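Listed here are the chains, written in short residue letters.
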Amino acid sequence: MMSVKEYASDVNLTVEQILGLCNKLNITAKSEEDMLDDDAIIMLDNEIPNVTADEASDQEESTVNDAEEDYLEEELLTETTTETNNKQSKKKKGKLTPTKKVNKKNDFMKQRKEMYKHKDKLKSNTATIDENVVLYKEGMTVSELATALNISVGELIKKLMSLGLMMNLNQSIDFETAGIISSDIGKVLKREEATSEVTFEELEIVDDETELEDRPPVITIMGHVDHGKTTLLDTIRKTNVVSGEAGGITQAIGAYQITYQDKHLTFIDTPGHAAFTEMRARGASVTDIVIIIVAADDGVMPQTKEAIDHAKAAGVPIIVAVNKMDKPGANPERVLTEMAEAGIIPESWGGDTMFVNISAKTGMGIDDLLERILLISEVSELKANPNRYASGTVIESKIDKSLGVVSTLLIQNGTLRLGDAIVVGNYAGRVRTLKNDLNESLVSAGPSTPVTVTGLSESPSAGDKFMVFENEKKAKAIANERQLKAKATNNQPTKAVSLDDLFNRINDGAKEINIILKADVKGSEEAVRNSLLKLDVEGVNINIIRSSIGAITPSDIVLAAASDAIIIGFNIRPDNKTADYAKERNVDIRLYNIIYKLVEDMEAAMLGKLDPIFEEKVLGQAEVRKLFKFSKVGTIAGSMVTSGIIRRDAKARIIRDGVVIYDGAINTIAREKDQVKEVKQGIECGITIENFNDIKTGDIIEAYEIVETKR
């Protein structure tokens, strides 16, 4: 898209002449500021055959605002190149020739004008609807379903009766039941969101095989902090990214593209600090290949195990780069053993994971690593359609004082061009500048290319999806509708799977149930794990994507949300902050202290035969600040109620370092010298626990009750 004024300047005509042509061609444009979409530009180009591309490229360029013009001047005019004499003249003179400035701005502007003048119309991102597909709308009635299936209402009601359902034509029918009926008559039921441009994340687009082309692989580098992730990328890019980072640790996600053996490779560098676990999970969700880097002198560390969990959950090929082989204490065999224990079996041991010994510092083994990436890429046959309007994912975003919102996008399908109307998250904009990771200005970028863009109205969140539309009017309409929808749903994330809806998911075709298991000690973890893996209900498998000891952490919540997993805690408790985060992400946490009860609940959920829920309701928590010991009374825990309320008639558990060490009941609560029934948040008190005196300073006393709730 471009304005009338921009187009007039481009084709060397006056604004009045262009407006006259617009009127003649029934193009809506009344002033020099009105925007011309792709179709309008193509129609006008056909009316001006005497204006050649060469003539257009000689015109003054005034299509960007002052901030963008300054930006282009600064980035394009200051780039230089050094021309050297031939070897013979070098020997004679013994010095290089003077530096010669190269003005790239004219080349870029010429490409830009050529692109705008001859802009091809790309294919819209609309869903491919097969004649056998029936669309399900929320709240669809029996009558509406009969019409969609092209059968009579009577016939549909008979089919419902055969399923044991007595329904009339005006009753709403749920998606699962409608799916059974549709399948019975040879139709496929899909939710309406799968065909709606408003929910373009769910849009099911099927490209013609003849239009698909090879695309570069997207590689995510993961691993423990300071094991050399950014240094590896630094060596591959032959730049100095790491020197600009605080302490040499990545502070933000970067996306970069290199060329190796005439093939493009796109890398995503994820932060190494544990606080950015969610970004690591997001990185795995957009990647084709994961490189897990492990220091040969350090071995497998906690964040290495997290990286393994996220890579496995993403279901992508893994390459293990054993780094720091140049160090005297390097022990690659130890890395192989520890990775095998974590479930990553090397090819040399009969597994399917490639291991490459490297030194990111010296460059040793880097070529071997890149060749392995190319090999996996060729086997995977990665394809995309560059002839579509672009769609993809936000990698990161920031606000620049002069340019406004600057966002890094990863194009996953289609081609992104200057001037494209784009919707990112719930906001619309127009691509005003387009740059690659080397900060070079582009007029277009294809699949698997990371780019930075300006022109968005709001700063998107990392992980937001984006899509380009035919014109700005449509993009704004879709963005407005998305905003209204987000407001109506209170911006809640997609609900993760819960124990209660396992049976429904199995009926919907789920053949694998993801579980994150956390336990208090190794023995308990192994016993619970083995018991769960023995469960086999109607061919449905239990997939334990993470199993470890210790408290439930935000990292567990992130992984559960990303992989539709249930968290099962055995003899442990999440703290208040983690529990609140789980509620925010709609992650189901189930806590147990008896193995057979855990297994019974899981099996019953898979069979759809869960008993009534006896739900635990946490009343409050108190932190033990000081201990008072009396021979007749026992240990009194001088405590501060940090949240909720502590009641004398409540059950109580003692939590130490996130692990439950005792579960019983409250005996007494005292304020000064008086016995009280309850104490509220912010008040100090003395608490004794029934049959338990081994309390320590810093322990958490959690009061709770058991209530029965309806399913």
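Remember, predicted model here, so these are calculated numbers, not experimental data.

What counts as what
Residues numbered from 1 in each chain as written. Predicted model: local features only at pLDDT ≥ 70, side-chain atom pairs only at ≥ 80, totals over all residues. Heavy atoms only, no water. Helix = DSSP H or I, 4+ residues; strand = E, 2+ residues; numbered from the N terminus. Buried < 20%, exposed > 50% of the residue type's maximum accessible area, 1.4 Å probe, protein only. Areas by Shrake-Rupley, 256 points an atom, 1.4 Å probe, with all protein chains shown as cover. Contact = heavy atoms within 4.5 Å. Salt bridge = Lys/Arg side-chain N within 4 Å of Asp/Glu carboxyl O. Core = buried A, V, L, I, M, F, W, Y, C linked by side-chain atoms within 4.5 Å. Phe/Tyr/Trp six-rings, centres within 6.5 Å; stacked < 30°, edge-to-face > 60°. Lys NZ or Arg CZ within 6 Å of the ring centre and 35° of its normal. Pairing = 2+ DSSP bridges. Axes fitted to C-alpha atoms, helices over the stretch in contact; angles between N-to-C directions. Arc of directions from axis to C-beta. Polar contact = N/O pair within 3.5 Å; in protein donor to acceptor, adjacent residues only side chain to side chain. pLDDT = per-residue confidence, 0-100. Parallel < 35°, antiparallel > 145°, perpendicular 65-115°, else oblique. Left-handed = near helix turned anticlockwise from the far one by under 90°. Nonpolar A, V, L, I, M, F, W, Y, C, P; charged D, E, K, R; others polar.

Enquirer: Lay out the overall build of the protein chain in plain terms, naming residues and giving numbers.
Expert: For the protein chain, the helix and strand inventory stands at 21 helices and 34 strands. Across the 711 residues that make up the protein chain, the buried fraction comes to 47%. Only carbon and sulfur atoms are counted for the fraction: they give 47% of the accessible area of the protein chain, which is about 35400 Å².

Enquirer: Please give an account of the environment of Gly 682 that cites residues and values.
Expert: Counting through the fold element by element, Gly 682 comes out in the loop between strand 32 (678-680) and strand 33 (684-689). What Gly 682 contacts, discounting residues up to four positions off in sequence, is Met 640 and Val 641.

Enquirer: Mind laying out the pattern of salt bridges, listing which residues take part and the relevant values?
Expert: The full count for this structure, using the stated rule, is 25 salt bridges. A salt bridge links Glu 616 to Arg 573; its shortest N-O distance comes to 2.8 Å. Separated by 43 residues along the polypeptide, Glu 616 in strand 27 (residues 613-630) and Arg 573 in the loop between strand 25 (565-570) and helix 20 (576-584) bring together distant segments of the chain. Arg 573 sits in the buried class, given a relative accessible area of 7%. What you see here is one network of salt bridges that share partners, running through Arg 573, Glu 616, Arg 653, Asp 663 and Glu 702.

Enquirer: Give a description of the environment of Asn 26 that names residues and reports values.
Expert: If you trace the backbone, Asn 26 turns up in the loop between helix 2 (15-24) and strand 2 (35-36). Judged by relative accessible area, Asn 26 falls into the exposed class, the value being 71%.

Enquirer: Would you mind going over the nonpolar core in detail, with residue names and values included?
Expert: Counting 25 residues, the largest nonpolar core has Leu 232, Leu 265, Phe 267, Ile 291, Ile 319, Leu 370 and Ile 373 as the members making the most contacts within it. Those elements that place two or more of their residues in this core are strand 8 (218-223), helix 11 (229-237), strand 9 (254-260), strand 10 (263-269), strand 11 (289-295), strand 12 (318-323), strand 13 (354-357) and helix 15 (366-380). Contact partners of Leu 265, with chain neighbours within four places excluded, come to Pro 216, Pro 217, Ile 219, Tyr 256, Gln 257, Ile 258, Tyr 260, Leu 370, Ile 373 and Leu 374. Listed in part, the 24 residues of the second largest apolar core include Met 109, Leu 409, Leu 416 and Ala 445.

Enquirer: Go over the packing of aromatic side chains with me, naming the residues and quoting the values.
Expert: Counted by the stated rule, this structure contains three aromatic pairs. Arranged with centres 5.3 Å apart and planes meeting at 75°, the rings of Tyr 136 and Phe 175 form a pair that is edge-to-face. Of this pair, Tyr 136 sits in strand 5 (residues 133-136) while Phe 175 sits in helix 10 (residues 175-184), and the two are 39 residues apart along the sequence. Owing to a relative accessible area of 18%, Phe 175 belongs among the buried residues under this scheme. Centroid distance Tyr 662 to Phe 692: 4.5 Å. Interplanar angle 15°. Geometry classified as stacked. Residue Tyr 662 is found in strand 30 (residues 659-671), and its partner Phe 692 is found in the loop between strand 33 and strand 34 (700-709); the two are separated by 30 residues along the sequence. For Arg 653, the ring lying beneath its charged end belongs to Tyr 704, and the centroid distance is 3.9 Å.

Enquirer: Residue-level account of the side chain of Ser 3, with values.
Expert: Along the chain, the position of Ser 3 falls in strand 1 (residues 2-3). A relative accessible area of 7% places Ser 3 in the buried class.

Enquirer: Account for the sheet that holds strand 13, naming residues and giving values.
Expert: The mixed open sheet is built from six strands, whose spatial order is 9-10-8-11-12-13. Each edge of the open sheet is held by one strand with a lone partner, namely strand 9 and strand 13. Sheet twist, expressed as the mean angle between neighbouring strand axes with direction ignored, is 25°. When strand 12 meets strand 13, the two strands line up parallel, connected through four bridges. Following the sheet pairing, Val 322 is matched in strand 13 by Asn 357.

Enquirer: Mind laying out the sheet that holds strand 23 (residues 512-519), listing which residues take part and the relevant values?
Expert: With parallel pairing, four strands are arranged side by side in an open sheet as 24-23-25-26. With partners counted over all chains shown, the strands left at the sheet margins are strand 24 (541-549) and strand 26 (589-592), one partner each. With strand direction ignored, the average angle separating the axes of adjacent strands in the sheet is 25°. Docked against the sheet, helix 18 (residues 522-533) engages strand 23, strand 24 and strand 25, running at close to 175° with respect to strand 24.

Enquirer: How would you summarise the environment of Met 35 if you had to cite specific residues and measurements?
Expert: Mapping Met 35 onto the fold places it in strand 2. Here Met 35 falls in the partly exposed class, since its relative accessible area comes to 31%. Separated by 436 residues in the primary sequence, Met 35 and Asn 471 place their C-alpha atoms 9.5 Å from one another.

Enquirer: An account of helix 10 is needed here, citing residue identities and associated values.
Expert: Burial in helix 10 covers these residues: Phe 175, Thr 177, Ala 178, Ile 181 and Ser 182. Axial view of helix 10: buried residues confined to an arc of 160°, hence all on one face. Residues of helix 10 that are exposed and point over 90 degrees away from its buried face: Ser 183 and Asp 184. Turning to helix 10, the residues buried within the fold contact strand 5, helix 8 (142-149), helix 9 (153-162) and strand 6 (188-191). Its side-chain oxygen at 2.8 Å from the backbone nitrogen of Thr 177, Asp 174 defines the N-terminal cap of helix 10. Among the residues trailing helix 10, Gly 186 stands out with phi positive, at a value near 80°.

Enquirer: Can you tell me about the confidence of the model for the protein chain, naming the residues and giving the values?
Expert: Here the protein chain averages 79 in pLDDT, and 79% of its residues register 70 or above. Predicted confidence in the protein chain is weakest over strand 4 (residues 100-101), with a mean pLDDT of 36, and strongest over strand 13, with 95. Predicted confidence for residues 50-102 stays below pLDDT 50, and this span has 77 contacts to residues more than four positions away or in other chains. In the predicted structure, residues 279-284 sits below a pLDDT of 50 and forms 23 contacts with residues beyond four places in sequence or in another chain.

Enquirer: Requested: an account of the packing of helix 9 against helix 10, with residues and values cited.
Expert: Running from N to C, helix 9 and helix 10 cross one another at 110°; their axes reach a closest spacing of 11 Å. The angle between the axes of helix 9 and helix 10 places the two elements in the roughly perpendicular class. Relative to helix 10, the crossing made by helix 9 is right-handed. Side by side, helix 9 and helix 10 meet where Leu 156, Lys 159 and Leu 160 of the first sit next to Thr 177, Ile 181 and Asp 184 of the second. Tallied by class, the residues present in the contact of helix 9 with helix 10 amount to three nonpolar, one polar and two charged.

Enquirer: Describe the pairing of strand 15 (residues 391-400), naming the residues involved and giving the relevant values.
Expert: With nine bridges joining them, strand 15 and strand 16 (residues 404-413) adopt antiparallel strand pairing. Along strand 16, the bridge assignment pairs Lys 398 with Val 406. Following strand 15, the chain reverses through three residues before pairing antiparallel with strand 16. One ladder, built from three bridges, connects strand 15 with strand 22 (residues 465-469); its direction is antiparallel. Across the sheet, residue Ser 391 finds its bridge partner in strand 22, namely Met 467.

Enquirer: Report on the side chain of Asp 699, specifying residues and quantitative values.
Expert: Mapped onto the elements of the fold, Asp 699 is located in the loop between strand 33 and strand 34. One polar contact links Asp 699 to Arg 656, side chain to side chain, over a distance of 2.8 Å. At 2.9 Å, the side chain of Asp 699 and the backbone nitrogen of Lys 696 are in polar contact. The contact partners of Asp 699, leaving out residues within four places of it in the chain, are Ala 622, Glu 623, Val 624, Ile 654, Ile 655, Arg 656, Ile 661 and Asp 694.

Enquirer: So what's going on with helix 19 (residues 554-563)? Residues and values would help.
Expert: For an α-helix, 3.6 residues make a turn, and residues three or four places apart therefore share a direction. For helix 19, a buried count of seven out of 10 residues is recorded, marking the element as mostly surrounded by other parts of the structure. Residues of helix 19 that are buried: Ser 555, Asp 556, Ile 557, Val 558, Leu 559, Ala 560 and Ser 563. Positive phi shows up at Asp 564, right after helix 19, with a value of about 50°.

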